[in-house]
Amino acid sequence: MLQDRLSEFVSAQAEEFGVPGVAVGVLQGDREIYASHGVTSLSNAVPVDEKTLFPVASVSKTFTATALMRLVAERKVDLHAPVRRYVPELKLADERAAARITVLNLLNHTAGLDWNLIDDGEGDRSLAGLVAKLSQLPLIAPPGVRASYSQAGYNLAGRIIEKVTGLPFEQAMASLVLEPVGLSDTVYGLSEVMIRKFAVGHHRGDDGELRPARPWGAFKEGARGDNPGGGLASSTSDLLRWARFQLGHGEGVLPAAELHRMREQTVELRASTLGDGFGICWFLHELDGLHAIGHGGSGNGQFAELLIVPERDFAVVSLANAGPDGYSFNQCVVRWVLENYLGVVERTVEPVPYDEGQAQQFIGRYEIDAMNLDIATDGTRLTLGVGIKPEIREASDEEMPPDHPAADIGFLPGDGDEYIVTTGGLKGQRGYFSRDANGAVTGVDLAGRLFGRVTRAS
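Here goes a summary of the coordinates provided. Fair warning: this is a prediction, and the values are worked out from it, not measured in the lab.

1. Details of the packing of aromatic side chains
(1) Moving on: For the coordinates displayed, the defined rule picks out 15 aromatic pairs.
(2) Moving on: Ring geometry for Phe198 against Trp216: centres 5.9 Å apart, planes inclined by 85 degrees, an arrangement best described as edge-to-face. Of this pair, Phe198 sits in the loop between α8 (190-193) and β5 (202-204) while Trp216 sits in the loop between β6 (210-212) and α9 (227-230), and the two are 18 residues apart along the sequence.
(3) Moving on: Pairing Phe314 with Tyr341 gives two aromatic rings, centres 6.1 Å apart and planes at 45 degrees, and the pair type is tilted. Here Phe314, found in strand β13 (residues 314-320), pairs with Tyr341, found in helix α12 (residues 325-342); they are 27 residues apart in sequence, far enough to count as distant. One exposure class covers both Phe314 and Tyr341, and it is buried.
(4) Moving on: Ring pairs connect the aromatic residues Phe362, Tyr366, Phe411, Tyr419 and Phe433, which therefore count as one cluster.
(5) Moving on: Over the ring of Trp115 we find Arg449, and its NZ or CZ is 4.0 Å from the ring centre.

As structure tokens, this is what we get:
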């Protein structure tokens, strides 16, 4: 029986990757299928099930975007209007950009905003407080020129929701989306999480031992300014209910036309594991002739994956409470489910042989606000290592996720700028290098984010 095979596969993969607790759900028409394995925490061994809450991190963005689309349907927000129509106090590092960024630019990551501002736990940590600091955020491109995944953009979108509704973001989300859809176990903040069963994140140390991750979510408790982009916790059962809503007609929330508009491509993505393009928030995927929408989330020692296939009335959710291998676990589960339930087999792409002359163009350091990415070669292979900047790690009073050690990358057939990670916790991630008008390498895309080049090989 396929459900038994799913349970066996989930358990085997959780054991192989060393993930303490996982929860998987499959929606097939009117049928919901669940498979769980392991415990919520190694120090408090409660079995995981479909009602266990996990922080879903960036999957939260799909809820924020849907709420904004309800306001669009109610003619309270215009997707093509400048953000300043709703947040007139917005100031950015470039005044022209601040005046031009539209609501849609935020929702499809084309605003030109860098990843995010670092939450230092000080000062006003509300959405208003975050917006007041956005002039400190680097801009990576003029609005509308290119896609680059931005947490800050979605937090700014959350401030639009606050300003238009006159409610705190979390209350507005409950009224606009969570309550009408019936998502009673999809919540913001530890005060709501702690009265439900929840999973604890884990990190594997250099000694191979798993330890609890702190803080519990992706951000320190109290960082309300990050709730629109990554603050929700949810369960497998609630996420399947969310998928069912996205497959439906927007009942009680917004017209079907506006809901389904979110699946339509607004910008193309190049060489990205995350998808072939953006709709409104959703990553769009072409799966062996089928169209799918999805979103993932990476918290502190916790990972979430949601994929929906509208043509088959189908969805899969996978949640895991250990890093970095929870990511790999989720990807394996999604691939297995697609193959065994829908007959969709992922096409593998083989990199071309290593070329030292080619490799020398790319070695050096690249960065975003909080992370460094290093490309290096030993003369036989090219590697990519990414981690939190040492000064940020040293200044933090919280434990932080371990860095990703150098992993092999190979270039894909074509123009020579697209690559795939072939080893390590990021195995399978695809990306590409950017060049200026003179052909010089200026940046590298990883996980949808542009890391700008800051040093070159000497």
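2. A few points about the layout of surface pockets
(1) Moving on: Within this model, the second largest pocket holds a volume of roughly 320 Å³.
(2) Moving on: As for the second largest pocket, its lining consists of 23 residues, of which Gly217, Phe219, Lys220, Glu221 and Gly231 are closest to the centre.
(3) Moving on: When contributions to the lining of the second largest pocket are tallied by element, the ones reaching two or more residues are β4 (187-188), α8, α9 and β7 (232-234).
(4) Moving on: Residues of the lining of the second largest pocket, tallied by class, amount to twelve nonpolar, six polar and five charged.

3. Focus: the pattern of salt bridges
For side chains bearing opposite charge, pairing can occur when the charged atoms are close.
(1) Moving on: One pass over the structure, following the stated rule, counts 26 salt bridges.
(2) Moving on: Where salt bridges share partners, they join Glu89, Arg159, Glu162, Lys163, Glu170 and Arg224 into one cluster.

4. A word on empty space enclosed by the protein
(1) Moving on: Counted according to the given criterion, the structure contains one cavity of 30 Å³ or more.
(2) Moving on: The calculated volume of the largest cavity comes to roughly 30 Å³.
(3) Moving on: Surrounding the largest cavity, Asn105, Leu106, His109, Ala111, Gly112, Leu113, Ser148, Ser150 and Gly153 form its lining.
(4) Moving on: Residues belonging to the lining of the largest cavity are distributed by class as follows: three nonpolar, six polar and no charged.

Criteria and thresholds
Residues numbered from 1 in each chain as written. Predicted model: local features only at pLDDT ≥ 70, side-chain atom pairs only at ≥ 80, totals over all residues. Heavy atoms only, no water. Phe/Tyr/Trp six-rings, centres within 6.5 Å; stacked < 30°, edge-to-face > 60°. Helix = DSSP H or I, 4+ residues; strand = E, 2+ residues; numbered from the N terminus. Buried < 20%, exposed > 50% of the residue type's maximum accessible area, 1.4 Å probe, protein only. Lys NZ or Arg CZ within 6 Å of the ring centre and 35° of its normal. 1 Å grid on protein atoms, 1.4 Å probe; cavity = no way out; pocket = protein on both sides within 12 Å on 5 of 7 lines; lining within 4 Å. Points joined across faces, edges and corners; volume = space filled by probe spheres on them. Nonpolar A, V, L, I, M, F, W, Y, C, P; charged D, E, K, R; others polar. Salt bridge = Lys/Arg side-chain N within 4 Å of Asp/Glu carboxyl O.

What is shown is where atoms sit, not what they do.
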